[in-house]
Amino acid sequence: MVPAQEGRARSREEPSAGPNSAPRAGEESEDLWHVIIPLLHTLMYTLTKATGITEELYRKTYAFCTRLLTLPTPYCTVALDCAIRLKTEIAVPGTLYQRTVLAEQNLMSELYPYQERVFLFVDPELVSASVCSALLLEIEAAQEQQTPEACMRHVVSHALQAALGEACQPGALHRKLQASSRRVLEHYFHSVVTAVEQMAGEASPSRAEHLERLEEIYCSLLGPAAAARGRCGSDQDRPPSIPLPSPYITFHLWTDQEQLWKELVLFLCPQSQLRLSADLEALDLQGLGPDRDLVRVSMLSTDSGIERDLPLGADELLNPSSPEMERAGLQRKGGIKKRVWPPDFSMPGSWDGPPGLHRRTGRPSGDGELLPGVSRVHTARVLVLGDDRMLGRLAQAYHRLRKRETQKFCLTPRLSLQLYYIPVLAPQEPTGSRTPELGELATFLGRADPWYESTVNTLCSAIHKLAEMPLCLDTARTVDPFILDVITYYVRMGTQPIYFQIYVVKIFSDLSRDSTEDIFLTELKVKIQDSKSPKEGTSPRRRGATEGPGAELSICYQKALLSHRPREVTVSLRATGLVLKAIPDRDTEGSPDCPPAAAPVMAHTCLNVSVTEVVKSSNLAGRTFSTVTNTFRTSSIQIQSQDQRLLMLLLDKDNRRTFRDVVRFEVGPCPEPCSRTQKPKMSWTTSHGQKEMETTQATSKPLLMPINTFSGIIQ
């Protein structure tokens, strides 16, 4: 019995102790909420792999999950996800294991065509060579043992043992599958997959019919005589437990800005194919222009306008005796050919729907249809290792990928993109030279999701020790896949995303020229350069003016208010530097003036700005300068140097993303690349028949980058 159930049973057995007994029981049960999500994930991970689970235990677990639906999010969200999968597993045992192996190992099946792949990206400049070598060694060692034949044997053996239970002979079944040829193995593999998927796809699956089908396959595989003997009671005859193979992982050193896009395209379209797929070509998505509003294509008509006067095209041939041909005699040929798109076509970047806690239904997330006839059967799980600088590069690649989709709409209809992050920080130097803020986002994820803190963040301190340990290879040359096991658990069970706002910065080196744009995810640091603008020599200087440290800055920002009301503030001050943080720290988190910077449903975001202001004071010794740090929160900000002192910008703490000789810059939430912009629309609304210009403008949606965790944000 789980702790929550024990608490409820204890409260029913104890007599009422007075009016304060009910609130006390509620407080005790609420104190146990922190174990619910770890318990559910570990329980589902065990039930997916095990074979000797009785139907009664499945039903008790399902009843427990349904009772958790009364709790607030994210507990009810995770419980609903588990309950949906358990409902299928009760009627068709072994479904979760089979679907996991089919998708992760790319074992093709017409009844379950979903494919998944884990892309592991590591920046060689941020992660040591020893960590990269250890990861690569574990991945290669695991994949050498996970051949397609071995995975098919695991699927057949697990499905038969999970369904038949005590009536199955594991030892005889294991020996028979090991001795079977590839052709025979494929035959029984497809038979088992067909039986499981057909029954799981029915509206009311019958457990009895499912057992009957698998008994026929079992008798056909072992023979009637061997199958009738029942399960052998000898311990020596029992084979090792059926493993759950780790997902197929590809290891990549991130050296190219377009590498993420290229790998995702190759995942959808192998190099042997010239086109992405037939269904995408049929929808004519490759030639789609960047303007989402151009869904109507003008056609010049040079005929009388009567359809019977036009030659029929190849796609317009009709039967002369058909009623459609008779009605076409007096129908007018439209001069505008209309291309029909779904109503939500302007939001292809949503990937898995609107921002929120996603729910899986036993199949890979994002398997819904975005366009008619195109199903998302591919799931790309992109896992990055590194610090905040690596996440800044991931945000750049994510923004570039979404922007490219506005020009070539080829990934979104077929691909579900899931992002994961494991912090790997450089080992602490004896002198303490490492910047502690490089793991700022990982710290925020650990505060938002305690199970992420216990499972993923704790790996950060151990991964360097594990990588530097000498290899302990036995005679079988097996490698202990500790890091790989944590990665596998995270990418399988981390299904609840936390969304982070991406900010765009417009940089002006010359006010008479166009700006340069870039984006950042965690931090923008501003420093005052020692050099000055060449234009300063032409500006007169006041007599007796004493130049202090820093630069004179003009700051204009929109104050972040909980009421969302616009309030613009303009100040001028002398400062030595600024820091704009998008990730709130523990002190500013949840303040009344500004909500958290990341939330399951994100309607408002803010930047935490710290300005190091120079304060001038006069005394008997003369003028002295001191500094004081002022902080405020804003949704957008514009900063310009007033005395020709140039600025230097550092994005996401990455020295490779430094901008020098900056005169002015503007920061605001990065909009969705696919958001509609303001366009005029002609309308005939006046009583005099005159044209009126009507302006319509859709709300620009912010670009949010999701990072998957185990529970999302726990309020």
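Reading the values: the criteria
- Residues numbered from 1 in each chain as written.
- Predicted model: local features only at pLDDT ≥ 70, side-chain atom pairs only at ≥ 80, totals over all residues.
- Heavy atoms only, no water.
- Helix = DSSP H or I, 4+ residues; strand = E, 2+ residues; numbered from the N terminus.
- Buried < 20%, exposed > 50% of the residue type's maximum accessible area, 1.4 Å probe, protein only.
- Contact = heavy atoms within 4.5 Å.
- Areas by Shrake-Rupley, 256 points an atom, 1.4 Å probe, with all protein chains shown as cover.
- Phe/Tyr/Trp six-rings, centres within 6.5 Å; stacked < 30°, edge-to-face > 60°.
- Lys NZ or Arg CZ within 6 Å of the ring centre and 35° of its normal.
- Pairing = 2+ DSSP bridges.
- Axes fitted to C-alpha atoms, helices over the stretch in contact; angles between N-to-C directions.
- Parallel < 35°, antiparallel > 145°, perpendicular 65-115°, else oblique.
- Left-handed = near helix turned anticlockwise from the far one by under 90°.
- Nonpolar A, V, L, I, M, F, W, Y, C, P; charged D, E, K, R; others polar.
- Salt bridge = Lys/Arg side-chain N within 4 Å of Asp/Glu carboxyl O.
- Polar contact = N/O pair within 3.5 Å; in protein donor to acceptor, adjacent residues only side chain to side chain.
- pLDDT = per-residue confidence, 0-100.

> Pulling in residues and values, what's your account of the overall build of the protein?
A tally of helices and strands in the protein yields 19 helices and 23 strands. In the protein, which comprises 715 residues, the proportion classed as buried is 47%. Long-range pairs, those at least 24 residues apart, make up 79% of the contacts in the protein between residues at least 6 apart in sequence. Of the roughly 36,800 Å² of accessible surface on the protein, 52% is carried by carbon and sulfur atoms.

> Outline the packing of aromatic side chains, listing residues and values.
Using the criterion set out here, one finds 13 aromatic pairs in the structure. Considering the side-chain rings of Y452 and Y490, the 5.8 Å spacing of their centres and the 70 degrees angle between planes classify their relative orientation as edge-to-face. Of this pair, Y452 sits in helix α18 (residues 450-468) while Y490 is found in helix α19 (residues 482-493), placing the two residues 38 residues apart along the sequence. Across the pair, Y490 and Y452 agree in class, each one buried. Taken together, the ring pairs in this structure connect Y45, Y420, W451, Y452, Y489, Y490 and F710 into an aromatic cluster. Directly above the aromatic system of W261 lies the positively charged group of R404, at a separation of 4.6 Å from the ring centroid.

> Which residues make up helix α6 (residues 95-104), and what values go with them?
The element α6 is extensively covered by neighbouring structure, given that ten of its ten residues are classed as buried. For α6, every residue scored as buried is listed here: T95, L96, Y97, Q98, R99, T100, V101, L102, A103 and E104. Where α6 is buried, its residues meet α3 (36-49), α5 (75-91), β1 (115-122), α8 (148-164), α10 (182-200) and α19. The positive-phi residue at the C-terminal boundary of α6 is N106, with phi of around 55 degrees.

> Any details on the sheet that holds β1? Residues and values, ideally.
The strand order β2-β1-β7-β8 describes an open sheet built from four strands, whose pairing is parallel. The two strands at the open ends of the sheet, each matched to only one other strand, are β2 (249-253) and β8 (415-423). Neighbouring strand axes in the sheet, compared pairwise and without regard to direction, differ in orientation by 20 degrees on average. In this structure, β1 lies alongside β2, joined through five bridges in parallel fashion. Within β2, the residue paired with V118 across the bridge is I249. Contacting β1, β2, β7 (378-386) and β8, helix α13 (residues 259-268) runs over the sheet at an angle of about 160 degrees to β1.

> Could you give me a rundown of the environment of L561, with the residues and numbers involved?
For L561, the position within the fold is in the loop between β13 (551-559) and β14 (568-581). Among the residues examined, L561 registers a relative accessible area of 21% and is labelled partly exposed. Measuring from C-alpha to C-alpha, the distance between L561 and S635 comes to 8.9 Å, with 74 residues separating the pair along the chain.

> Tell me about the packing of α8 against helix α11 (residues 207-222), and name the residues and values.
Relative orientation of the contacting elements α8 and α11 amounts to 125 degrees, with a least axis distance of 10 Å. The orientation of α8 with respect to α11, classified from their angle, is oblique. Read as a crossing pair, α8 and α11 show a hand that is left-handed. Contacts from A159, L160, A163 and L164 of α8 reach α11 at H210, L211, L214, E215, Y218 and L221. Here the contact of α8 with α11 is built from residues that sort into eight nonpolar, one polar and one charged.

> Please give an account of the pattern of salt bridges that cites residues and values.
Opposite charge on two side chains allows them to pair when their charged atoms are near. Applying the stated criterion across every chain yields a total of 29 salt bridges. One salt bridge connects E55 with R207, and the closest N-O pair in it is separated by 3.5 Å. With a gap of 152 residues between them, E55 in helix α4 (residues 55-67) and R207 in helix α11 connect regions that are remote in the sequence. Between D643 and R574 there is a salt bridge, and its shortest N-O distance comes to 3.2 Å. One end of the pair, D643, is in the loop between β17 (622-641) and β18 (645-651); the other, R574, is in strand β14, and 69 residues separate them in sequence. By relative accessible area, D643 is classed as buried at 19%. Judged by relative accessible area, which is 18%, R574 ranks as buried. One continuous salt-bridge network, built from bridges that share partners, spans D388, E437, E440, E523, K581 and K653.

> Would you mind going over the side chain of H464 in detail, with residue names and values included?
Mapping H464 onto the fold places it in helix α18. Of the polar contacts made by the side chain of H464, one reaches the backbone oxygen of L425; its length is 2.5 Å. Residues in contact with H464, not counting those within four places in the same chain, are S128, V131, V424, L425, A426 and P427.

> Lay out the confidence of the model for the protein with the relevant residues and their values.
Here the protein averages 76 in pLDDT, while 67% of its residues score no lower than 70. A low-confidence stretch, residues 1-28 stays under pLDDT 50, and its non-local contacts, those more than four residues away or across chains, total eleven contacts. Scored below 50 in pLDDT, residues 310-318 makes seven contacts in the model with residues more than four places away or belonging to other chains.

> Account for the side chain of Q259, naming residues and giving values.
Looking at the element boundaries, Q259 is found in helix α13. According to the relative accessible area criterion, Q259 is buried, its value standing at 12%. Separated by 3.2 Å, the side chain of Q259 and the backbone oxygen of L253 make a polar contact. Not counting the four nearest positions on each side in its chain, Q259 is found in contact with F121, H252, L253 and W254.

> For the environment of F710, give the residues involved together with the corresponding values.
As for its placement among the helices and strands, F710 is situated in the segment after β23 (704-709). Overall, F710 belongs to the buried group, its relative accessible area being 0%. Spatially, the C-alpha atom of F710 lies 9.4 Å from that of V491, the residues being 219 residues apart in sequence.

> Provide a residue-level description of unusual backbone geometry, including the pertinent values.
With glycine set apart, most residues show a phi of negative sign, and most peptide bonds adopt trans. Look at the link from T73 to P74: it is a cis peptide, with omega at 5 degrees. Position of P74 relative to the elements: it lies in the loop between α4 and α5. Its identity is not glycine, yet N106 carries a phi of approximately 55 degrees, on the positive side. Mapped onto the elements of the fold, N106 is located in the loop between α6 and β1. Even without being a glycine, D661 presents a positive backbone phi close to 55 degrees. Take D661: it is sitting in strand β19 (residues 658-662).

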